[in-house]
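As a plain string of letters, each chain reads:
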Amino acid sequence: MKVNVKYFGQVAEAAGKTEEKLELEKGASLKEFKLKQIKQYQIPDPDSVQIAVNQDLVDDKELTEGDEIAFLPPFAGG
Amino acid sequence: MMRYDRQIQLDSIGVSGQEKLQKASVLIVGVGGLGCPAAQYLAGAGVGRIGLMDHDRVSLSNLHRQILFTEADIGRPKAFVAAEKLGGLNSEIQIDTIEEALTITNAETIFRSYDIILDGTDNFEIKYLINDACILTGKTWVYASIFKNEGQLSVFNFQDGPSYRCLFPKTTRENISCEATGVLGVTAGLLGVLQAVEVLKLILGIGEVLAGKLKVLNSLSGQYQVLKITKRPEEIDQIYKSGIQPVKLECKLADESRIYLDIREEFEQPKLDSEKVIKIPLSQLDERLWEIPKEEEVLVFCQSGKRSRKIVDLLNSEYGFKNLKNVEGGIDNIISKESEANHSNASKTERI
């Protein structure tokens, strides 16, 4: 199944992109996918990164075809 | 009321709306890139009482985004200068200056005397502190943060809605300020103005308040997303139960046999306390160069390795040091991985 992934802040810097389309195994869980991306892009301080699926911030859920997954780290500047 | 004629004409405001503004009070914590533009619009709109809280002084590198200040203000206290300028903009409102840092001790008392809190700060410790104090005093706060060209905006603790801890229950070690990463003045201005919009909506009871949602926007791409925040009642209950929870991040050195120089500013986290670490913030380096040993190799680090690389090059080439070496990749590469693995727990459980 195809998913659309968006990266923000330092996660986008680590990934070197702000968006990508990926092919995942059917029934993949958000938690597993998050871990995979953390490893692949060496996302800094992964515990603080929150994930939204279709604009809903969630801890875990089963992913489905066409999901939009956003990786959101906290920002501090002001 | 001539002053407010153009906004009173709006059906959503009218004379009664203007009276609501006149009776309202807003505390702006941090009069910087976010706080300056927010304060200007709120003063212009006639918010009856505005508190300006900042313990910092104006510096040259503030001017590109903190547009209340001018070159003549450099070195003067921000809260005081801002109050002067805003008083000139609108003499009919009351402006309080609080030239103090927000702390666990003063937060609740100060917050109690205002209706709404606007967060213009630039570090996680204070954002969690604002959050906790707002929960305890029942105040709504308008949050914004910036990372380079991106911004986050939300309204927390509004009508029993989610708090900042519901959005980010685990703090990060990467406390990166605009001073460290760089920021376009307009990005900060954009977010500060959006914060002022949220404050006005809260006071007037009009429009749709950005509560329970996080707006993430990119000033360069022009794109934005609105993400729904799920409330985590356990995070809020914990504050009611135990009071303000200081965010304290600490870590240990992986190799205690070397000598290190930490050039990060005092607010940067995680703290690294060891007798092997000499701490001289970059802002004090000029006066404290003599504290750096010259005989043995000193590993110089900052958050990412960028600032320290510049300093090592400069000190080695122009100040006669031959023993300084940069820690590439920053603090992450010298701290014990054991403490890193435990870090997320540490930041959550270290509740004093």
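For the structure itself, look to the data block above.
Residues numbered from 1 in each chain as written. Chains lettered and ligands numbered in written order. Predicted model: local features only at pLDDT ≥ 70, side-chain atom pairs only at ≥ 80, totals over all residues. Heavy atoms only, no water.

A. Here's a closer look at the pairing of strand E2 (residues 49-53) of chain B. Residues and elements named next belong to chain B. Along E2, 5 of the 5 residues are buried, which leaves the element largely enclosed by surrounding structure. Across the two faces of E2 the burial is the same, with Arg49, Gly51 and Met53 and Ile50 and Leu52 all buried. Note that strand E1 (residues 25-29) and E2 share 5 bridges and pair parallel. Within the sheet, the bridge partner assigned to Val29 lies in E2 and is Met53. (Buried < 20%, exposed > 50% of the residue type's maximum accessible area, 1.4 Å probe, protein only. Helix = DSSP H or I, 4+ residues; strand = E, 2+ residues; numbered from the N terminus. Pairing = 2+ DSSP bridges.)

B. The arrangement of the pairing of strand E9 (residues 259-262) of chain B in detail. All names here are of chain B. The alternating pattern of E9 places Ile259 and Leu261 on one face and Tyr260 and Asp262 on the opposite face, and all of these are buried. Here E9 pairs with strand E11 (residues 298-301) via 4 bridges, running parallel. Bridging across to E11, Ile259 finds its partner in Val298. Bridge analysis of E9 against strand E10 (residues 277-279) gives 3 bridges, and the strand direction is parallel. Note on E10: the bridge partner recorded for Asp262 is Lys279.

C. Highlighting the pattern of salt bridges. Residues and elements named next belong to chain B. Throughout the structure, instances matching the rule amount to 22 salt bridges over all chains. Measuring nitrogen to oxygen at the nearest pair gives 3.0 Å for the salt bridge that ties Glu84 to Arg76. Residues Lys279 and Asp273 are paired through a salt bridge, measuring 2.6 Å at the closest nitrogen-oxygen approach. On the basis of relative accessible area, Lys279 is assigned to the partly exposed category, the value being 34%. The network of salt bridges with shared partners includes Asp73, Arg76, Glu84 and Lys85. (Salt bridge = Lys/Arg side-chain N within 4 Å of Asp/Glu carboxyl O.)

D. The arrangement of the packing of aromatic side chains in detail. Residues and elements named next belong to chain B. As enumerated under the stated definition, the model contains 13 aromatic pairs over all chains in all. For the pair Trp141 and Tyr143, a centre-to-centre distance of 5.9 Å together with 80° between the ring planes defines the contact as edge-to-face. Given a relative accessible area of 0%, Trp141 falls into the buried group. In this structure Tyr143 comes out as buried when scored by relative accessible area, which is 0%. Centre to centre, the rings of Trp141 and Phe156 are 5.2 Å apart; their planes meet at 40°, and the pair counts as tilted. Here the residue Trp141 occupies a position in strand E5 (residues 140-147), and Phe156 occupies one in strand E6 (residues 150-156), the gap between them amounting to 15 residues. Phe156 carries the same exposure label as Trp141, and that label is buried. Among the aromatic residues, ring-to-ring pairing joins Tyr128, Trp141, Tyr143, Phe156, Tyr164 and Phe168 into one connected group. For Lys294, the ring lying beneath its charged end belongs to Phe321, and the centroid distance is 4.6 Å. (Phe/Tyr/Trp six-rings, centres within 6.5 Å; stacked < 30°, edge-to-face > 60°. Lys NZ or Arg CZ within 6 Å of the ring centre and 35° of its normal.)

E. View of the nonpolar core. Formed by 45 residues in total, the largest nonpolar core has its most connected members in B:Val26, B:Leu42, B:Leu52 and B:Phe69. For this core, the secondary structure elements donating two or more residues are E1, helix H3 (35-45), E2, helix H4 (78-89), strand E4 (116-119), E5, E6 and helix H9 (185-204) of chain B. In terms of residues, this core owes the most to one element, H9(B), which gives 7 residues. Once residues within four sequence positions are removed from consideration, B:Val26 is found in contact with B:Leu42, B:Val47, B:Arg49, B:Ile50, B:Gly51, B:Tyr114, B:Ile116, B:Leu118, B:Val199 and B:Ile203. A:Ala70, B:Tyr114, B:Ile135 and B:Tyr164 belong to the second largest nonpolar core, which has 39 residues in total. (Core = buried A, V, L, I, M, F, W, Y, C linked by side-chain atoms within 4.5 Å. Contact = heavy atoms within 4.5 Å.)

F. Up close: the sheet that holds E10(B). Residues and elements named next belong to chain B. Read from one edge to the other, the open sheet built from 4 strands follows the order E10-E9-E11-E12, with strand pairing classed as parallel. In this open sheet, the two strands that pair with only one neighbour each are E10 and strand E12 (324-326). Sheet twist, expressed as the mean angle between neighbouring strand axes with direction ignored, is 30°. Where E11 lies against E12, 3 bridges are found, and the strand directions are parallel. Its bridge partner being in E12, Val298 is matched across the sheet by Leu324. (Axes fitted to C-alpha atoms, helices over the stretch in contact; angles between N-to-C directions.)

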